[in-house]
Amino acid sequence: MLIRYPAMSFSAHKRDALDASMPFNHRMTHLRSCAMLMGQKYRVPRSKVIERVRQLAGVDVTIPGTETDLLRAMNALVQIKESGLQDAAEPAAG
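Remember, predicted model here, so these are calculated numbers, not experimental data.

## Side note on the overall build of the protein
What the protein contains, in helices and strands, is four helices and zero strands. Listed N to C, the secondary structure of the protein is α-α-α-α in terms of helices and strands. Here the protein, with 94 residues, has 34% of them falling under the buried criterion. Accessible surface, the protein as shown: approximately 6100 Å² in total, 55% of it carbon and sulfur.

## Focus: the pattern of salt bridges
If you walk through the whole model with that rule in mind, you get four salt bridges. Residue Asp60 is joined to Arg54 by a salt bridge in which the shortest nitrogen-to-oxygen separation is 3.1 Å. Counted as one network, the salt bridges with shared partners bring together Glu51, Arg54 and Asp60.

## Examining the packing of helix α1 (residues 10-17) against helix α2 (residues 24-42)
The packing of two helices is summarised by the inter-axis angle and the distance between the axes. Orientation of α1 relative to α2, taken along the N-to-C sense of each, is 155 degrees, at an axis distance of 8 Å. By the angle between their directions, the pair α1 and α2 is classed as roughly antiparallel. Note that α1 runs across α2; the crossing there is left-handed. On α2, the residues touching Phe10, His13, Lys14, Asp16 and Ala17 of α1 are Arg27, His30, Leu31, Ser33, Cys34, Leu37 and Met38.

## What to know about α2
Taking 1.5 Å per residue as the helical rise, α2 with its 19 residues ought to reach 27 Å, and the 27 Å between its terminal C-alpha atoms agrees with that figure. Every buried residue of α2 is listed here: Arg27, Met28, His30, Leu31, Ser33, Cys34, Ala35, Leu37, Met38 and Gly39. As for α2, its buried residues are in contact with α1, α3 (46-57) and α4 (67-83).

## Details of the nonpolar core
Judged by nonpolar contacts, the single largest core of 22 residues is most densely connected at Phe10, Leu31, Val61, Met74 and Leu77. Mapped by element, the contributors of at least two residues to this core are α1, α2, α3 and α4. Top contributing element to this core by residue count: α4, with seven residues. If we ignore the near neighbours within four places in the chain, the residues touching Met74 are Phe10, Lys14, Ala17, Leu18, Leu31 and Cys34.

Conventions used here
- Within any chain, residue numbers begin from 1 and follow the written order of that chain's sequence.
- Note on the predicted model: pLDDT of at least 70 is required for a residue's local features to be given, and 80 or more for side-chain atom pairs to be given and counted; whole-chain, interface and lining totals, by contrast, use all residues.
- As a rule here, side-chain values come from all non-hydrogen atoms in the structure, and water together with hydrogens is ignored.
- In this description a helix means any DSSP run of H or I spanning at least four residues, a strand means any run of E spanning at least two, and both kinds are numbered starting from the N terminus.
- Relative accessibility decides the category of a residue: with a 1.4 Å probe and only protein chains considered, values under 20% of the type maximum give buried, values over 50% give exposed, and everything between is partly exposed.
- Calculation of accessible area relied on Shrake-Rupley with a 1.4 Å probe; when residues are assessed, cover is drawn exclusively from the protein chains displayed.
- What makes a salt bridge here is a side-chain nitrogen of Lys or Arg within 4 Å of a carboxyl oxygen of Asp or Glu, nothing more.
- Inter-axis angles, ranging from 0 to 180 degrees, are taken between N-to-C directions of lines fitted to C-alpha atoms, where helices are fitted over the stretch in contact.
- Relative orientations are named as follows: roughly parallel for angles under 35 degrees, roughly antiparallel for angles over 145 degrees, roughly perpendicular for angles from 65 to 115 degrees, and oblique for any other angle.
- Left-handed describes a crossing in which the near helix is turned anticlockwise from the far one by less than a right angle; the clockwise case is right-handed.
- What makes two residues a contact is simply this: any of their non-hydrogen atoms within 4.5 Å.
- Every helix has an expected span of 1.5 Å times one less than the residues it contains.
- Only buried residues count toward a nonpolar core. Its members are Ala, Val, Leu, Ile, Met, Phe, Trp, Tyr and Cys residues joined through side-chain atoms within 4.5 Å.

Spelled out as structure tokens, the structure:
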């Protein structure tokens, strides 16, 4: 019998990404899972969310970084979650 476990929420992945007691690479995996969930929410590929994080935070979450990079990327993901992929602070084109 196949047992299906509920998917983790953005908040659960965020909590684990910020948990300094976990190995750093494991925390980065949780960070990328947050990006995947935002992709699902906004119906875009995860790569689009990762690119938006790169624009907002200057961090490439596909490569190992530093603790500061992780925090900056998580802040960008929270901003994306709250405001959408288009940052309200940036002027609209046109």
